[in-house]
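Below are the chains, spelled out letter by letter.
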Amino acid sequence: MEEDYIKLIFGLKLKQIRTDRNLSLFGLSKLSGLSKSYLNEIEKGKKYPKTDKILVLSEKLKVPYDHLVSLKL
């Protein structure tokens, strides 16, 4: 149960950051090198990325890693 909550928070946060930057899923996919379908599953709370992928996202979105993985929205 807690794992689902963590995935959901991460996904919501990623989507919020992406939309704040006026990026589509396709745009974030091109920027990060991660597939659009994979990013969509993360945003929907179905998947949680491994550390290396979180690092790529934090770098490309210019957001601190700790901000992405914290449970605060």
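Note that this is a predicted model, so its numbers are computed, not measured.

**A few points about a nonpolar patch on the surface**
Point 1. Where nonpolar side chains cluster on the molecular surface, the patch consists of Leu 8, Leu 12 and Leu 73 and spans about 290 Å² of accessible area.
Point 2. Looking at the element boundaries, Leu 12 is found in helix H1 (residues 2–20).
Point 3. Residue Leu 12 is classed as partly exposed on the basis of its relative accessible area of 40%.

**A few points about helix H3 (residues 36–43)**
Point 1. All of the buried residues in H3 are Tyr 38, Leu 39, Ile 42 and Glu 43. Seen end-on, H3 carries its buried residues on one side only, within an arc spanning 135°.
Point 2. Residues of H3 that are buried make contact with H1, helix H2 (25–32) and helix H4 (51–61).
Point 3. Trailing H3 by a residue or two, Gly 45 shows a phi angle of about 80°, which is positive.

**Quick notes on the nonpolar core**
Point 1. Counting 14 residues, the largest nonpolar core has Leu 14, Leu 28, Leu 39, Ile 42, Leu 57, Leu 61 and Leu 68 as its most contacted members.
Point 2. Broken down by secondary-structure element, the contributors of at least two residues to this core are H1, H2, H3 and H4.

**Description of the packing of H2 against H3**
Point 1. H3 packs onto H2 with a crossing angle of 115° between their chain directions and a minimal axis gap of 9 Å. Classified by the interaxial angle, the pair formed by H2 and H3 is roughly perpendicular. The interaxial crossing formed by H2 with H3 has right-handed handedness. Taking contact as the criterion, the partners of Leu 25, Phe 26, Leu 28, Ser 29 and Ser 32 in H2 are, on H3, Lys 36, Leu 39, Asn 40 and Glu 43.
Point 2. Of the residues contributing to the contact of H2 with H3, the split by class is 4 nonpolar, 3 polar and 2 charged.

**Details of H1**
Point 1. In this model, H1 (19 residues) spans 27 Å end to end at C-alpha, consistent with the 27 Å of a helix rising 1.5 Å per residue.
Point 2. Buried residues of H1: Lys 7, Ile 9, Phe 10, Gly 11, Lys 13, Leu 14, Ile 17 and Arg 18, and no others.
Point 3. Where H1 is buried, its residues meet H2, H3, H4 and helix H5 (65–69).
Point 4. Directly beyond the C-terminal end of H1, a positive phi value near 55° is found at Asn 22.

About the thresholds
Residues numbered from 1 in each chain as written. Predicted model: local features only at pLDDT ≥ 70, side-chain atom pairs only at ≥ 80, totals over all residues. Heavy atoms only, no water. Patch = residues over 30% accessible without salt bridge, like charges linked within 9 Å, V, L, I, M, F, W, Y side chains within 5 Å. Areas by Shrake-Rupley, 256 points an atom, 1.4 Å probe, with all protein chains shown as cover. Salt bridge = Lys/Arg side-chain N within 4 Å of Asp/Glu carboxyl O. Helix = DSSP H or I, 4+ residues; strand = E, 2+ residues; numbered from the N terminus. Buried < 20%, exposed > 50% of the residue type's maximum accessible area, 1.4 Å probe, protein only. Arc of directions from axis to C-beta. Contact = heavy atoms within 4.5 Å. Core = buried A, V, L, I, M, F, W, Y, C linked by side-chain atoms within 4.5 Å. Axes fitted to C-alpha atoms, helices over the stretch in contact; angles between N-to-C directions. Parallel < 35°, antiparallel > 145°, perpendicular 65-115°, else oblique. Left-handed = near helix turned anticlockwise from the far one by under 90°. Nonpolar A, V, L, I, M, F, W, Y, C, P; charged D, E, K, R; others polar. Expected span 1.5 Å × (residues − 1).

Structural measurements only, silent on function.
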